[in-house]
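# Coordinate analysis (summary)
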Amino acid sequence: MDVPLLSLGLAAVGGAVIGLLLSVFGGGGSVLATPLLIYVVGVRDPHVAIGTSAAAVAVNALVGLSAQARAGRVKWRCASVFAAAGIVGSLVGAHLAKQAPGEQLILWFAAAMAVVGGSMLVPRKGTGDPFVTLTPALTAKLAPLGLLVGLAAGFFGIGGGFLIVPGLMAATGMTMAHAAASSLLSVVVFGGATSASYAVSGQIDLPVFVALVAGGGLGALAGGPVARALESRATVARQVFALFVIATAAYVAARALHVLG
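All values reported here derive from a predicted model rather than from experimental measurement.

What follows is about the overall build of the protein. Across its full length, the protein holds ten helices and zero strands. Going residue by residue from the N terminus, the α and β elements of the protein occur as α-α-α-α-α-α-α-α-α-α. Projected onto its principal axes, the C-alpha positions of the protein cover 50 × 40 × 30 Å. Taken across its 261 residues, the protein has 48% of its residues classed as buried. Roughly 11,800 Å² of accessible area belongs to the protein as shown, and the carbon and sulfur atoms make up 71% of that amount. Charged side chains of the protein number 13 positive and 6 negative; the gap between the two group centres comes to 14 Å.

Following this line, the structure appears as structure tokens:
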């Protein structure tokens, strides 16, 4: 696709902002990628925007996963069961989304954004079992949850971390730190499966994807110092960001409703 240099620059800047938000808040930022591509970068087809953002989210999550793996925080067995079950769900979700009219899909996406923002306002508990291991009983809990979360992630083209983290904690009792780290495997898998489905349909904008990923890497590097600076006010900062996500959801919904008329 022939993309203007200004649009690529905007995609890179937007990717940097999203990478920064993901690094600082650990989730929720990726849901801004699709509105960014549509209303700032100028990607006209909502399906292309969703497919492209899903691919970028998968790559950025892979970078984060490698860092968490080196730190030893990933519960690989539990994470693998959740991710494997979700592959089918994400492929089904992406297929269903591609059949939906673009503006109607964006309206549903706005609803998902509101849910993401609302979930970020809920206080999180850091307690749990840091030594949890996979058992047949845990597998029976993880697999259906992974399937459902994968379906949502595939349909909306989002990482789904806001659902994966509480899902892992509820099914296994692991700590939030381990759940956040382990969730990145599912984000990589779900995003990869979703974007592959869109790529087969020719609905990935490769230049914009590259710009998003490049910007996201720079944003992630800047996220560490920012996170440390906000450490004493992390809760307030997270609440402000959550309200921004909800406000953005309202704007996206208003635009979609205006087009649907």
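The rest of the description comes next.
One pass over the full model with this rule turns up three aromatic pairs. Residues Tyr-39 and Tyr-251 carry aromatic rings whose centres are separated by 5.6 Å and whose planes lie at 75° to one another, so their mutual orientation is edge-to-face. Of this pair, Tyr-39 sits in helix H2 (residues 33-41) while Tyr-251 sits in helix H10 (residues 234-260); the two residues are 212 residues apart in sequence, bridging distant segments of the chain. Tyr-39 gets classed as partly exposed once you look at its relative accessible area, which sits at 24%. Considering the side-chain rings of Trp-108 and Phe-155, the 5.7 Å spacing of their centres and the 40° angle between planes classify their relative orientation as tilted. A residue pair is termed long-range when its members are at least 10 positions apart, and Trp-108 in helix H5 (residues 102-120) and Phe-155 in helix H6 (residues 136-156) qualify at 47 residues. The class of Phe-155 is buried, set by a relative accessible area of 16%. Here the aromatic cluster, defined as three or more aromatic residues joined through ring pairs, consists of Trp-108, Phe-155 and Phe-156. Seen from the ring of Tyr-198, Lys-98 lies directly overhead, with NZ or CZ sitting 5.8 Å from the centre.

Looking now at the nonpolar core. Judged by nonpolar contacts, the single largest core of 43 residues is most densely connected at Val-31, Leu-32, Leu-37, Val-41 and Met-113. Those elements that provide at least two residues to this core are helix H1 (5-25), H2, helix H3 (46-70), helix H4 (76-99), H5, H6, helix H9 (206-229) and H10. Sorting elements by how many residues they give to this core places H5 first, with eight residues. When near neighbours in sequence (up to four residues on either side) are disregarded, Val-41 contacts Ser-7, Leu-10, Ala-11, Leu-36 and Val-208. In terms of nonpolar packing, the next biggest core, distinct from the first, is built from 26 residues, Leu-142, Val-149, Met-174 and Ala-181 among them.

What follows concerns helix H7 (residues 161-172). Over its twelve residues, H7 runs 16 Å from end to end, which matches the ideal 16 Å to within 8%, given 1.5 Å per residue. Contact partners of the buried residues in H7: H4, H5, H6 and helix H8 (176-200). Residue Gly-173 follows H7 closely and has a positive phi angle near 80°.

What follows deals with empty space enclosed by the protein. Under the definition given, this model contains one cavity of 30 Å³ or more. Put simply, the largest cavity is a space of about 50 Å³. What lines the largest cavity is Gly-15, Ile-18, Ala-33, Ala-56, Val-57, Asn-60 and Leu-212. Mapped onto the lining of the largest cavity, the elements with two or more residues apiece are H1 and H3. In terms of residues, the lining of the largest cavity owes the most to one element, H3, which gives three residues. Tallied by class, the residues present in the lining of the largest cavity amount to five nonpolar, two polar and no charged.

Bringing the side chain of Ser-53 into the picture now. Mapped onto the fold, Ser-53 is located in helix H3. With sequence-adjacent residues up to four places away left out, Ser-53 is seen in contact with Ala-33, Thr-34, Leu-37, Gly-157 and Leu-212.

With their axes 8 Å apart at the nearest point, H7 and H8 run at an angle of 130° to one another. Relative to H8, the element H7 is oriented oblique. As for how H7 packs across H8, the hand of that crossing is right-handed. Counting all contacts with H7, which are made through Gly-161, Ile-164, Val-165, Leu-168 and Met-169, the residues of H8 involved are Met-176, Ala-179, Ala-180, Ser-182, Ser-183, Ser-186, Val-187 and Phe-190. Looking at the contact of H7 with H8, its residues break down into nine nonpolar, four polar and no charged.

Here H4 crosses H6 at 35°, and the two axes come no closer than 6 Å. Relative to H6, the crossing made by H4 is right-handed. Split into classes, the residues belonging to the contact of H4 with H6 amount to 16 nonpolar, eight polar and no charged.

Rules used throughout
- Residues numbered from 1 in each chain as written.
- Predicted model: local features only at pLDDT ≥ 70, side-chain atom pairs only at ≥ 80, totals over all residues.
- Heavy atoms only, no water.
- Helix = DSSP H or I, 4+ residues; strand = E, 2+ residues; numbered from the N terminus.
- Buried < 20%, exposed > 50% of the residue type's maximum accessible area, 1.4 Å probe, protein only.
- Areas by Shrake-Rupley, 256 points an atom, 1.4 Å probe, with all protein chains shown as cover.
- Lys, Arg positive; Asp, Glu negative; His and termini not counted.
- Charge placed at Lys NZ, Arg CZ, Asp CG, Glu CD.
- Phe/Tyr/Trp six-rings, centres within 6.5 Å; stacked < 30°, edge-to-face > 60°.
- Lys NZ or Arg CZ within 6 Å of the ring centre and 35° of its normal.
- Core = buried A, V, L, I, M, F, W, Y, C linked by side-chain atoms within 4.5 Å.
- Contact = heavy atoms within 4.5 Å.
- Expected span 1.5 Å × (residues − 1).
- 1 Å grid on protein atoms, 1.4 Å probe; cavity = no way out; pocket = protein on both sides within 12 Å on 5 of 7 lines; lining within 4 Å.
- Points joined across faces, edges and corners; volume = space filled by probe spheres on them.
- Nonpolar A, V, L, I, M, F, W, Y, C, P; charged D, E, K, R; others polar.
- Axes fitted to C-alpha atoms, helices over the stretch in contact; angles between N-to-C directions.
- Parallel < 35°, antiparallel > 145°, perpendicular 65-115°, else oblique.
- Left-handed = near helix turned anticlockwise from the far one by under 90°.

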